[in-house]
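Listed here are the chains, written in short residue letters.
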Amino acid sequence: MSNGSDPASVLAALERAQDAFEIVGRGRTAFEDGISADEDWKTQLTKACRLLQVVDTLQSQDGYYTAVIEVCFGAIERSIEAYALAMTNDTLQDFQDHQFSYDRAHQIGLFEKKTAEEMKNLYRENRTESYYGGGRPTEEQAAAMTDLASAVHQFAVSQIREGGVCLCD
């Protein structure tokens, strides 16, 4: 237990991390390639594309099932958010809760209620277990999540009126 004597390396790394998120006054900042900064929906959509690229990279390395599952849930949420931001008056601030994306997917007509609820339950029951619980993710789970994330992303992209933004095409 810490009694005011946290390791200097942790404190220094924490300070650097906090500073890194304060972009103002940093001169020329190197942003991630491929992430659109034009509009919030484009940012979320291209983040989903990049997350799916990470999934492909991890899948090719074999055995990173926990990471694949995590990244797939992120890609699903970013894809739903992109659709919501593009097609409604929603703002990024509306999506501060992971499970809200799944509720919103039905409310705005992207998915039927049953499908949205099943995705939300998948998130609530299995993402939490694979991340926080004692379960050990499997190859089958990672592959199934990869398929789901790709299918959700492709469908969301096909429903957005403005094309030409997806990096996966």
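(A) Broad picture of the overall build of the protein. Summing up its helical and strand segments, the protein has six helices and zero strands in all. Along the protein, from the amino end to the carboxyl end, the secondary structure elements read α-α-α-α-α-α. Dimensions of the protein, computed from C-alpha atoms along their principal axes, come out at roughly 55 × 40 × 30 Å. In the protein, which comprises 169 residues, the share counted as buried stands at 33%. In the form shown here, the protein has an accessible surface area of approximately 10,700 Å², with 48% of it arising from carbon and sulfur atoms. Here the protein contributes 15 positively and 28 negatively charged side chains, and the mean placements of these two sets differ by 2 Å.

(B) Here's a closer look at the side chain of S79. By secondary structure assignment, the location of S79 is in helix α3 (residues 65–87). A distance of 2.8 Å separates polar atoms of two side chains, one belonging to S79 and the other to H153. Excluding residues within four positions of it along the chain, S79 makes contact with A48, V152, H153 and A156.

(C) Focus on the confidence of the model for the protein. Residues with a pLDDT of 70 or more make up 91% of the protein, whose mean pLDDT is 89. For the protein, per-element mean pLDDT is lowest for helix α5 (residues 113–132), which scores 85, and highest for helix α6 (residues 139–159), which scores 96.

(D) How the structure looks around the side chain of R78. Residue position: R78 is located in helix α3. Within the structure, the side chain of R78 is placed 3.3 Å from the side chain of E77, a separation counted as a polar contact. There is a polar contact of 3.0 Å between the side chain of R78 and the side chain of E81. Leaving out residues up to four positions away in the same chain, R78 has contacts with Q44, L45, K47, A48 and L51.

(E) Structural view of the packing of helix α2 (residues 40–61) against α3. Taken N-terminus to C-terminus, the directions of α2 and α3 make an angle of 160 degrees; their axes are 8 Å apart at the nearest point. Between α2 and α3, the angle is such that the two are roughly antiparallel. Along this stretch, α2 crosses α3, giving a crossing that reads as left-handed. Residues D40, W41, Q44, L45, K47, A48, L51, L52, V54, V55, L58 and Q59 of α2 touch α3, and the partners they reach there are A67, V68, V71, C72, G74, A75, R78, S79, E81, A82, L85 and A86. Taken together, the residues that form the contact of α2 with α3 break down as 16 nonpolar, four polar and four charged.

(F) Representation of unusual backbone geometry within the structure. Phi is positive for D62, close to 65 degrees, though the residue is something other than glycine. Structurally, D62 can be placed in the loop between α2 and α3. Judged by its relative accessible area of 59%, D62 is exposed.

The rules behind the values
- Residues numbered from 1 in each chain as written.
- Predicted model: local features only at pLDDT ≥ 70, side-chain atom pairs only at ≥ 80, totals over all residues.
- Heavy atoms only, no water.
- Helix = DSSP H or I, 4+ residues; strand = E, 2+ residues; numbered from the N terminus.
- Buried < 20%, exposed > 50% of the residue type's maximum accessible area, 1.4 Å probe, protein only.
- Areas by Shrake-Rupley, 256 points an atom, 1.4 Å probe, with all protein chains shown as cover.
- Lys, Arg positive; Asp, Glu negative; His and termini not counted.
- Charge placed at Lys NZ, Arg CZ, Asp CG, Glu CD.
- Polar contact = N/O pair within 3.5 Å; in protein donor to acceptor, adjacent residues only side chain to side chain.
- Contact = heavy atoms within 4.5 Å.
- pLDDT = per-residue confidence, 0-100.
- Axes fitted to C-alpha atoms, helices over the stretch in contact; angles between N-to-C directions.
- Parallel < 35°, antiparallel > 145°, perpendicular 65-115°, else oblique.
- Left-handed = near helix turned anticlockwise from the far one by under 90°.
- Nonpolar A, V, L, I, M, F, W, Y, C, P; charged D, E, K, R; others polar.

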